[in-house]
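Coordinate analysis (summary)
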Amino acid sequence: DTAVSQTPKYLVTQMGNDKSIKCEQNLGHDTMYWYKQDSKKFLKIMFSYNNKELIINETVPNRFSPKSPDKAHLNLHINSLELGDSAVYFCASSGTGHYSGNTIYFGEGSWLTVV
Amino acid sequence: EDKVVQSPLSLVVHEGDTVTLNCSYEVTNFRSLLWYKQEKKAPTFLFMLTSSGIEKKSGRLSSILDKKELFSILNITATQTGDSAIYLCARGTGNQFYFGTGTSLTVIP
């Protein structure tokens, strides 16, 4: 069973398009995240979200928006894509549930290339 | 966000060598210090450290946290080519996890 799954795995799109990446976790966690990993492999947090609170990294452009239909899903919408948005986007989750403790679990990543 | 700094940024060793990777952070009020290994895909969990001075071991890997000096180390003994990866540490505070810059380890035969 995949604990944190995200789709699509690979996405190539043109500048200016709007795209979404979906994420689901079956760990029963309360908090989900989106991270961006750039070409230098630095993992930077974009958002964290639980039922009560959305925390946005202030450096994230407002073209990026998280959408959470329920606590097992956190989708990432990106409007007006730019070349600099090309990166690997990781969904993650943490909290109590099937896996207790303050540990974060990652999805497989979505490779976004903007051309 | 507070910095999590890892050193060295990259490291090339021969099989059988022992390596020590460093992770330092700036805040004192955190819940956990985590180590991850990242090969070609998602980071995979190695260790979670919450208490100072208590070593955690898993095979050839071990890690320890020093809360007073605000750092952690990850040791890998008798390195193998399969240890080649990026090693990430992260500071966990509440529902926030901040990652370091990573150390890229290459083990050559």
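One can find the structure itself at the top, above this paragraph.
All of these numbers come straight from a predicted model, not from anything done at the bench.

Attention now goes to the interface of chain A and chain B. Across the boundary between the two partners, chain A contributes 23 residues, which contact 23 residues of chain B. In total, about 1,900 Å² of surface goes out of reach between chain A and chain B, with carbon and sulfur atoms giving 56% of it. Across the chain A-chain B interface, the total number found is one salt bridge. With a shortest N-O distance of 3.8 Å, A:E108 and B:K41 are connected by a salt bridge. Among the secondary structure elements, those contributing two or more residues to the side of chain A that touches chain B are β4 (31–37), β5 (43–49), β9 (87–94) and β10 (104–106) of chain A. The dominant element in the side of chain A that touches chain B, judged by the number of residues it contributes, is β4(A), at four residues. Classifying every residue of the side of chain A that touches chain B gives 11 nonpolar, nine polar and three charged.

Bringing the sheet that holds strand β7 (residues 61–66) of chain B into the picture now. All names here are of chain B. Strand order in this open sheet of five strands is β1-β3-β8-β7-β6, and the pairing throughout is antiparallel. Of all the strands in the sheet, the pair left with one neighbour each is β1 (4–7) and β6 (56–58). Looking at each pair of strands side by side, their axes are set apart by 15° on average, direction ignored. Inspection of the sheet shows β7 paired to strand β8 (residues 71–76) by six bridges, in the antiparallel sense. Pairing of L65 across the sheet is with S72, part of β8.

All names here are of chain B. β8 sits mainly inside the fold: five of its six residues count as buried. As defined by bridge partners, strand β3 (residues 19–25) adjoins β8 across six bridges and the pair is classed as antiparallel. In the sheet register, C23 faces β8, and the bridge partner there is S72. Two successive antiparallel strands, β7 and β8, enclose a turn made up of four residues, where L70 displays a positive phi of approximately 60°.

All told, the structure shown has two disulfides over all chains when counted by the stated rule. What pairs with A:C23 in a disulfide is A:C91, and their sulfur atoms sit 1.8 Å apart. Residues A:C23 and A:C91 are joined by a disulfide whose S-S torsion is about -80°; by sign, that bridge is left-handed. Remark: A:C91 occurs in strand β9 and A:C23 occurs in strand β3 (residues 19–25); sequence separation between them is 68 residues. Residue classification places A:C23 among the buried positions, given a relative accessible area of 2%. B:C23 shares a disulfide with B:C89; S-S distance 1.9 Å. Between B:C23 and B:C89, the S-S dihedral sits near 75°, and the bridge is therefore right-handed. Separated by 66 residues along the polypeptide, B:C23 in strand β3 and B:C89 in strand β9 (residues 85–93) bring together distant segments of the chain. Like B:C23, the residue B:C89 is buried in the burial classification.

Residues and elements named next belong to chain B. With respect to the helices and strands, the residue N75 is situated in strand β8. One polar contact links N75 to T20, side chain to side chain, over a distance of 2.5 Å. Excluding residues within four positions of it along the chain, N75 makes contact with V19, T20, R60, L61 and S62.

Side chains that are nonpolar tend, in soluble globular proteins, to be buried together. One finds A:Y35, A:I104, A:F106, B:L33, B:W35 and B:F99 to be the most contacted residues of the largest nonpolar core, which totals 40 residues. In terms of residues, this core owes the most to one element, β9(B), which gives six residues. Among the nonpolar cores identified, the runner-up in size contains 20 residues, and A:I21, A:M46, A:L76 and A:Y89 belong to it.

Conventions we followed
Residues numbered from 1 in each chain as written. Chains lettered and ligands numbered in written order. Predicted model: local features only at pLDDT ≥ 70, side-chain atom pairs only at ≥ 80, totals over all residues. Heavy atoms only, no water. Contact = heavy atoms within 4.5 Å. Buried area = accessible area lost by both parts, 1.4 Å probe. Salt bridge = Lys/Arg side-chain N within 4 Å of Asp/Glu carboxyl O. Helix = DSSP H or I, 4+ residues; strand = E, 2+ residues; numbered from the N terminus. Nonpolar A, V, L, I, M, F, W, Y, C, P; charged D, E, K, R; others polar. Pairing = 2+ DSSP bridges. Axes fitted to C-alpha atoms, helices over the stretch in contact; angles between N-to-C directions. Buried < 20%, exposed > 50% of the residue type's maximum accessible area, 1.4 Å probe, protein only. Disulfide = S-S within 2.5 Å. Polar contact = N/O pair within 3.5 Å; in protein donor to acceptor, adjacent residues only side chain to side chain. Core = buried A, V, L, I, M, F, W, Y, C linked by side-chain atoms within 4.5 Å.

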